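Chain by chain, the residues run as shown.
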Amino acid sequence: MVANRLPVDITLDDDGKVGWKRSPGGLVTALEPVMQKSDGAWVGWSGGPDLEVEPFDADDMYLVPVTLSADEIERYYEGFSNDTLWPLYHDVIAPPAFHRQWWDTYRRVNQRFADAAAAQAAPGAIVWVHDYQLQLVPRMLREQRPDLRIGFFNHIPFPPLELFQQLPWRRAVVDGLLGADLIGFQRAGDASNFIRAVRRLTDYTTRGPIITMPDANGKPGRHVRAASFPISIDSNHFDQLARTPEVQARAKEIRADLGDPDVMMLGVDRLDYTKGIRHRIKAYGEILQDGRLDVGHATLVQVASPSRENVGAYQDLREHVEGLVGRINGEFGEIGHSAIHYLHHSYPPEEMAAMYLAADVMLVTSLRDGMNLVAKEYVAARSDDRGVLVLSEFTGAADEMSSGALLVNPHDIDGMKDSIVAAAHMDHREQRRRMRRLRRRVLSDDVAKWSDSFLGVLTAMPSRSEYV
């Protein structure tokens, strides 16, 4: 497994002893169960600058840290990954920045990840590379180790050609990805966008989802497949967690601490401009202003996990969101009743399960999202068949959950307001009907099925090692 981050944050004490704690994030949540039942290594960045640590075991996984300098973190991670690729791949919600120095560092760091993976992989091993930070690794790895079976999974959207073409290094990214045997995306539309980019930017032959790469003599060589594999969560684990007496007691305690509102609404997101947090809070404020809900009977809890705090766009977003929350609370809050409870923290799974269980309405209103695992976590936690999911149609989860969720366009504030109010007033019979549909899907299509599906297709790909 090769990913930008290890599944833990590493610390060193004064004696140089390695310590670690589980790190947050959807990718870790999805992949940790897969790795824990596999005999393999996880290659990733340790999370801090200039932290050189030997490989070690943690949480039933063998972890191989990759060292990044402070300058590399700034240029490769905060710069090219999160100020160039992230906004470009998310419909240019924020303008991407294109800097050659960032690109040079991105290439150099991708090579370091490829070298680490090449050193760890046994002959003929499967290497699974993850996400937009490491799009050059598949080709770099294949050039060193043509014996490997290489898969790549993109956890975020892949943009339409018209947007992707803005990237000055678009061909290098496409060629980097084509080093893999199998390239996985969240939605069929993302896979189609990639195939279209291959057709426009290269002269390789494509037929449906298959791209044929030339061999050393220019003749047809190995095949690359690009397809959708919608990711999920360890849904049965989350279901069981939410059934424990401790979590159920904590859910009741949360509602009591909020003043036992008739309707508790919940938003859980990384503090990111793609998540539609501003649109959601604006809509909720207008609902209160219109008198369609009031703070005596309803409240919104917004969990906004800290994210990329050194990137300017994220700093601006935090200021804007916190200002908006303060204005709405000042205008509509009462003693003992806040309109919005804003929490700028990350929480462990047990606390999140309790929040999901406590919430009558879950608001997932992303402007663009690869999948959105929070939506699936909420459903997995609702063994009582209660609760309503309000879900943006621009999430990958919308493809699978449209039959039970209330789908919204987060850019349509009036339409979103209507759906939020409808969710708040939905009768229990309708809630049960919708939630049962959602739970059937989420509990059957879990992360194990996702990984088995991807790895099954990868291992079935024809074995051809020629590469130019």
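What you see is a predicted model, and the numbers here were worked out from it, not measured in a lab.

Q: Quick question: what am I supposed to make of empty space enclosed by the protein here?
A: In this approach a probe as big as a water molecule rolls over the atoms, and the regions it shows empty are the leftover space. Throughout the structure, instances matching the rule amount to 2 cavities of 30 Å³ or more. Of the voids in this model, the largest cavity is the one considered here, and its volume is about 50 Å³. Lining the largest cavity are L258, G259, P261, V295, G296, H297, A298, T299, H337, S338 and H341. When its residues are assigned to classes, the lining of the largest cavity shows 4 nonpolar, 7 polar and no charged. Its volume calculated, the second largest cavity comes out at about 40 Å³. Every residue along the wall of the second largest cavity is listed here: D272, Y273, G276, I277, R278, H279, L317 and L367.

Q: Would you take a moment to explain the pairing of strand β13 (residues 263-270) for this structure?
A: Looking along a regular strand, one sees side chains alternate from face to face of the sheet. Burial of β13 is extensive: 7 of the 8 residues sit out of reach of the surface. Of the strand pairs in this sheet, β13 and strand β14 (residues 298-305) are connected by 8 bridges, and their pairing is parallel. If you follow G267 over to β14, its bridge partner there is Q302. For the crossover that starts at β13, traverses helix α10 (residues 277-290) and ends in the parallel β14, the hand is right-handed. Sheet topology places β13 next to strand β16 (residues 361-364); 2 bridges connect them, and they run parallel. When the bridges of β16 are listed, M265 appears paired with V361.

Q: How do you make sense of helix α15 (residues 413-425) when you look at a structure like this?
A: An α-helical turn contains 3.6 residues, so any two residues separated by three or four positions project in the same direction. Over its 13 residues, α15 extends 19 Å from the first C-alpha to the last, a length consistent with the 18 Å expected when each residue adds 1.5 Å. Looking at α15, one finds that the buried residues are I413, M416, K417, S419, I420, V421, A423 and A424. Packed against the buried residues of α15 are β13, α10, β16, β17 (388-392) and β18 (406-408).

Q: What exactly am I supposed to notice about unusual backbone geometry here?
A: Backbone geometry places D91, a non-glycine residue, at a positive phi of 60°. For D91, the location among the structural elements is in the loop between α2 (70-89) and α3 (100-120). When its relative accessible area of 31% is taken as the criterion, D91 is described as partly exposed. Unlike most non-glycine residues, N372 shows phi in positive territory, near 90°. Along the chain, N372 turns up in the loop between β16 and α13 (373-381). Residue classification places N372 among the buried residues on the basis of a relative accessible area of 7%.

Here is what the cut-offs are and how they apply
Residues numbered from 1 in each chain as written. Predicted model: local features only at pLDDT ≥ 70, side-chain atom pairs only at ≥ 80, totals over all residues. Heavy atoms only, no water. 1 Å grid on protein atoms, 1.4 Å probe; cavity = no way out; pocket = protein on both sides within 12 Å on 5 of 7 lines; lining within 4 Å. Points joined across faces, edges and corners; volume = space filled by probe spheres on them. Nonpolar A, V, L, I, M, F, W, Y, C, P; charged D, E, K, R; others polar. Buried < 20%, exposed > 50% of the residue type's maximum accessible area, 1.4 Å probe, protein only. Helix = DSSP H or I, 4+ residues; strand = E, 2+ residues; numbered from the N terminus. Pairing = 2+ DSSP bridges. Right-handed = clockwise from strand over helix to strand, strands pointing away. Expected span 1.5 Å × (residues − 1). Contact = heavy atoms within 4.5 Å.

The values reported here are purely geometric and, on their own, carry no functional implication.
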